[in-house]
Amino acid sequence: MTTDLSTDIALPARRLPVAENRPPTSSPLWRQAVVLARRALIKTWRTPEALVDVTLQPIIFLALFTYVFGGAIAHGSQHAYLIFLLPGLLGQTIAMASVSLGQNLNTDIQKGVFDRFRSLPISRSAPLIGGMLADLVRYLVLFVVMISVGMLMGYRVSTGWTGVVGALALAMGFAFCFGWISGYIGMIARTPGAVQGIMFLLIFPLAFGSNTFVQADTMPGWLQAFVKVNPISQLVSSVRGLMTGGPVAGHVGWTLLWMAGLLVVFAPLAVRAYRRRA
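Rules used in this analysis
Chains are numbered independently. Their residues run from 1 in the order of the written sequence. Local features in this predicted model are restricted to residues of pLDDT 70 or higher, and side-chain atom pairs are both shown and tallied only at a pLDDT of 80 or more, whereas totals for entire chains, interfaces and linings draw on every residue. Think of the side-chain values as coming from all heavy atoms in the structure, minus any hydrogens and water. Pairs were defined over the aromatic rings of Phe, Tyr and Trp, the Trp ring being its six-membered one, requiring ring centres within 6.5 Å. Orientation was assigned from the angle between planes: stacked under 30 degrees, edge-to-face over 60, tilted for the rest. Helical segments are the DSSP runs of H or I of at least four residues, strand segments are the runs of E of at least two, and each set is numbered from the N terminus. Think of it in three bands: with a 1.4 Å probe and only protein chains considered, a residue is buried below 20% of the maximum accessible area for its type, exposed above 50%, and partly exposed in between. We call a charge positioned over a ring when the NZ of a Lys or the CZ of an Arg lies within 6 Å of the ring centre and within 35 degrees of the ring normal. Any pair of nitrogen or oxygen atoms within 3.5 Å is treated as a polar contact; in protein, a donor-acceptor pairing is required on top of that, and neighbouring residues in sequence qualify only through side-chain atoms on both sides. We call a set of buried Ala, Val, Leu, Ile, Met, Phe, Trp, Tyr and Cys residues a nonpolar core when their side-chain atoms join them within 4.5 Å. Contacts are residue-level and defined by heavy atoms, with any inter-residue pair within 4.5 Å sufficient. The length a helix should cover is 1.5 Å for every residue beyond the first.

S.K.: Any chance you could break down the packing of aromatic side chains for me, citing the residues and the numbers?
M.R.: For the structure shown, the criterion picks out 10 aromatic pairs. Measuring from ring centre to ring centre gives 4.4 Å for Phe65 and Phe213, while their planes differ by 25°; the resulting arrangement is stacked. You can see Phe65 sitting in helix 2 (residues 56-73) and its partner Phe213 sitting in the loop between helix 8 (192-208) and helix 9 (221-229), a full 148 residues away along the chain. Judged by its relative accessible area of 13%, Phe65 falls in the buried class. A network of ring pairs unites the aromatic residues Phe61, Phe65, Phe69, Phe200, Phe204, Phe208 and Phe213 as a single cluster. Sitting over the ring of Phe84, Arg240 keeps its end group 3.8 Å from the ring centre.

In structure tokens, the structure reads:
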């Protein structure tokens with residue numbers, strides 16, 4: 001018995017789904033950003049070495065400056081220097097931690113990840129905002145690590161946990177606004193390595209030309225003028241006052257003003273550069 005296999009059976013045509021034919025999504029932008037932030041956090045969880053800059057690096061900085069330079073700077077009292085240093089170091093390390101945001105965005109573009117996002121019915125800005133939200137978790141980890149290690153080294157908060165919460169909110173808000181600079185650089189730089197180089201070139205003068213490590217009145221007059229207008233200095237003075245006591249209203253006001261300026265200038269630039277490239 002033979003079977004005729006030459007007969008074609010006509011089947012109804014099936015149309016493959018096409019991204020352009022899909023109805024636009026009804027989910028709000030914030031929900032899309034949260035989903036993409038979750039994606040970024042899962043990516044970080046699977047590559048824990050990406051957390052080195054918010055875990056090991058701040059511990060090394062804190063221990064190095066306290067035990068190596070603290071005795072000389074604070075005239076033999078390393079504990080007194082720790083009280084002075086830790087709140088200030090939070091501002092510097094948060095600024096340096098923002099470098100990874102631009103690098104990650106640039107890497108995703110190089111690998112074509114954003115081409116896949118473009119085919120989805122989501123807002124064009126959602127991946128960028130999602131990356132910014134994911135970085136807030138990294139800043140929270142950095143804050144907790146530094147406070148915990150500082151307390152093990154002998155640091156004590158003078159203003160209670162209210163001051164700690166206020167310092168945390170201000171530092172994370174500043175980090176969110178400062179991170180838009182990294183996002184913008186990540187969009188215009190050609191490679192992730194270029195993003196790192198440009199950001200460090202910007203951050204180092206701001207971090208070391210501030211009152212993080214020494215009092216501003218010990219510096220030359222021309223440098224003191226720069227330190228007083230430096231946004232990192234205003235953040236450091238605010239966090240230091242909130243955690244150790246002292247006048248904070250003026251410094252907090254200037255910090256909020258800098259935050260607004262960074263957000264107004266660099267957020268639109270980052271979104272525009274992102275839409276052009278992604």
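S.K.: Now, about the side chain of Ser100: what can you tell me, with residues and values included?
M.R.: Structurally, the position occupied by Ser100 is in helix 4 (residues 99-110). Reaching out from Ser100, the side chain makes a polar contact with the side chain of Arg138 at a distance of 3.0 Å.

S.K.: If you had to explain the nonpolar core to someone new, which residues and values would you point to?
M.R.: Membership of the largest hydrophobic core comes to 50 residues, with the highest contact counts inside it found for Leu62, Leu86, Leu90, Phe178, Met199, Ile203 and Met243. Secondary-structure elements contributing two or more residues to this core are helix 2, helix 3 (78-97), helix 6 (126-153), helix 7 (160-188), helix 8, helix 10 (231-244) and helix 11 (249-277). Not counting residues within four places of it along the chain, the set of residues in contact with Ile203 comprises Ala95, Met96, Ser98, Val99 and Phe178.

S.K.: Can you break down helix 6 residue by residue, with the values?
M.R.: For helix 6, with 28 residues, the first-to-last C-alpha span of 41 Å sits near the 40 Å given by 1.5 Å per residue. Remark: Gly154 follows helix 6 within two positions and exhibits a positive phi of approximately 115°.

S.K.: Kindly report on the environment of Phe200, identifying the contributing residues and their values.
M.R.: Positionally, Phe200 belongs in helix 8. For the pair formed by Phe200 and Met96, sequence separation is 104 residues and the distance between their alpha carbons is 7.5 Å. Excluding anything up to four places from it in sequence, Phe200 contacts Met96, Val99 and Pro205.

S.K.: How would you explain the environment of Val248 if you had to name every residue and give the values?
M.R.: Within the secondary structure layout, Val248 lies in the loop between helix 10 and helix 11. Residue Val248 is classed as partly exposed on the basis of its relative accessible area, which comes to 21%. Sequence separation between Val248 and Ser237 is 11 residues, and the spatial gap between their C-alpha atoms is 7.3 Å. In this structure Val248 touches Ser238, Gly241 and Leu242, once residues within four positions along its chain are discounted.

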